[in-house]
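# Report on the structure
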Amino acid sequence: MDEKTCRFLPAWDPVLRFLHWWNAAAMTAMAATGIIFMVCGPDLPEGTEDALVSIHASVGFLFGAGVLARIIWLFIGTETARWTDMLPISAHHRKVFADTVRFYLRGFRGETPLYLAHNSFAGPVYLGFFVLAAVQVASGSSMLGLPEEIRSKSMAQELHATVFLLLLLYIIAHLVAVFIHEIAEKRGIVSAMIHGKKTFTDDERDSILEAHPLAQKGDFDERKD
Ligand code: HEM
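So, here is what we can say about the structure in this document. None of these values were measured; they are calculated from a predicted model. (Residues numbered from 1 in each chain as written. Predicted model: local features only at pLDDT ≥ 70, side-chain atom pairs only at ≥ 80, totals over all residues. Heavy atoms only, no water.)

Every protein donor of the iron atom of the ligand is listed here as His20 (NE2) and His174 (NE2), and their distances to the metal cover 2.0 Å. Geometry at the iron atom of the ligand is octahedral, judged from the 6 donor atoms that bind it and their angles of 87 to 179° at the metal. Taken together, the residues span a long stretch of sequence, with His20 in helix 1 (residues 14-40) and His174 in helix 6 (residues 155-185) at a distance of 154 residues. (Donors = N, O, S within 2.8 Å, 3.2 Å for Na, K, Ca; no water. Tetrahedral: all angles 85-135°; square planar, octahedral: opposite > 155°, others 65-115°. Helix = DSSP H or I, 4+ residues; strand = E, 2+ residues; numbered from the N terminus.)

Below, the structure is given as structure tokens:
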């Protein structure tokens, strides 16, 4: 990257960033308490088990609120936060999708895909995550207050355990992908999820402004380093 001409383009709005870290923190707390139940549930002293259940359920409601807010933001949020930025529906997004597949097939070497906000290959996975997260909150809340003997035989519990494993897989895949893209692209994607802006060279910025349907419409502020 030409170090003199770093360009910062806004990719993520503050609401999306806040909800990202809110949901990530809530999921970490729920996964931790969930794993403790799964591994040593029957051996836990009653008081400890009750305390864990109420932490798990309370954080679950906070997570539910975060997921619901993010789903609403998919429809009324800023342009890079909407569902339309996540799916390969425009020519630009389809190109990003194909470039990402090629980049993976090359073993993460060579030219990296160029996109402003959501990667169109990851976008459908993110949408799948929102659906799974909503199912998880619904199945968890439907079991609240049920006596143990009914809860342990319910469909809701089976669903809750299966979706939990899928969400765990999502987190592992997400962290591996973020790590690979951070190293290969060098566009500061992790810090962009904190302050909102990704870093591009002059040429990359010009290509994005030429090709991205959202960038063409908006007046992205930018600054020279
Ligand atoms: C553990 C729970 C996590 C969940 C559920 C989660 C979920 C998501 C979702 C849904 C998106 C898409 C943005 C959106 O539309 O809201 C996203 C993007 C992103 N996440 Fe996470 N995330 C998690 C943890 C993390 C962690 C720990 C990191 C940092 C190490 C991270 C870094 C990122 C980055 C950098 C992006 C943007 C990727 C890009 O620029 O293409 N995430 N995440």
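Moving on from the model shown.
Let us now look at the packing of helix 2 (residues 46-76) against helix 4 (residues 123-143). For the pair helix 2 and helix 4, the least separation of the axes is 10 Å and the interaxial angle reads 145°. Considering the relative orientation of helix 2 and helix 4, their crossing is left-handed. Of the residues in helix 4, those in contact with Gly60, Phe61, Phe63, Gly64, Val67, Arg70, Ile71 and Leu74 of helix 2 are Leu127, Phe129, Phe130, Ala133, Ala134, Val137 and Ser141. Classifying every residue of the contact of helix 2 with helix 4 gives 11 nonpolar, 3 polar and 1 charged. (Axes fitted to C-alpha atoms, helices over the stretch in contact; angles between N-to-C directions. Left-handed = near helix turned anticlockwise from the far one by under 90°. Contact = heavy atoms within 4.5 Å. Nonpolar A, V, L, I, M, F, W, Y, C, P; charged D, E, K, R; others polar.)

All right, on to the packing of aromatic side chains then. With the rule as written, the count across this model stands at 8 aromatic pairs. A centroid spacing of 5.5 Å and a plane angle of 70° characterise the contact between Tyr104 and Phe108, whose relative ring orientation is edge-to-face. What makes Tyr104 partly exposed here is its relative accessible area of 25%. Measuring from centroid to centroid gives 4.7 Å for Phe129 and Tyr170, while their planes differ by 20°, and the two rings are stacked. (Phe/Tyr/Trp six-rings, centres within 6.5 Å; stacked < 30°, edge-to-face > 60°. Buried < 20%, exposed > 50% of the residue type's maximum accessible area, 1.4 Å probe, protein only.)

Around the ligand, 23 residues are found, and the nearest of them are His20, Arg70, His118, His174 and Lys198. Residue Arg70 places a side-chain N or O atom 2.6 Å away from an oxygen atom belonging to the ligand. For the shell around the ligand, the secondary structure elements donating two or more residues are helix 1, helix 4, helix 6 and helix 7 (189-195). (Near = heavy atom within 4 Å. Polar contact = N/O pair within 3.5 Å; in protein donor to acceptor, adjacent residues only side chain to side chain.)

What follows deals with unusual backbone geometry. Backbone geometry at Phe108 places phi at a positive 60°, although glycine is not the residue there. Structurally, Phe108 can be placed in the loop between helix 3 (91-105) and helix 4. For Lys186, which is not glycine, the phi dihedral falls at a positive 55°.

Let us look at the nonpolar core. Judged by nonpolar contacts, the single largest core of 15 residues is most densely connected at Phe63, Phe129 and Phe130. Apart from residues no more than four positions distant in its own chain, Phe130 is found in contact with Val67, Arg70, Ile71, Leu74 and Met86. Counting 8 residues, the second-largest nonpolar core is a separate cluster that includes Ala11, Trp12, Leu16 and Ala117. (Core = buried A, V, L, I, M, F, W, Y, C linked by side-chain atoms within 4.5 Å.)

A separate point is the side chain of Asp13. In this structure, Asp13 sits in the loop between strand 1 (7-10) and helix 1. It turns out Asp13 is buried and unbridged, and the closest side chain with the opposite charge, Arg17, is 6.4 Å from it. A polar atom in the side chain of Asp13 sits 2.9 Å from the backbone nitrogen of Val15. A polar atom in the side chain of Asp13 sits 3.2 Å from the side chain of Trp73. The residues touching Asp13, leaving out its near neighbours within four places in the chain, are Trp73, Thr78 and Ala81. (Lys, Arg positive; Asp, Glu negative; His and termini not counted. Salt bridge = Lys/Arg side-chain N within 4 Å of Asp/Glu carboxyl O.)

Packing of helix 1 against helix 6 leaves a shortest axis separation of 11 Å and a crossing angle of 130°. In terms of their interaxial angle, helix 1 and helix 6 are classed as oblique. For the pair helix 1 and helix 6, the sense of crossing is left-handed. When helix 1 is examined against helix 6, the residues His20, Met27, Ala31, Ile35 and Met38 are found in contact with a partner set consisting of Phe164, Leu167, Leu168, Ile171 and His174. For the contact of helix 1 with helix 6, a count of residues per class yields 8 nonpolar, 2 polar and no charged. (Parallel < 35°, antiparallel > 145°, perpendicular 65-115°, else oblique.)

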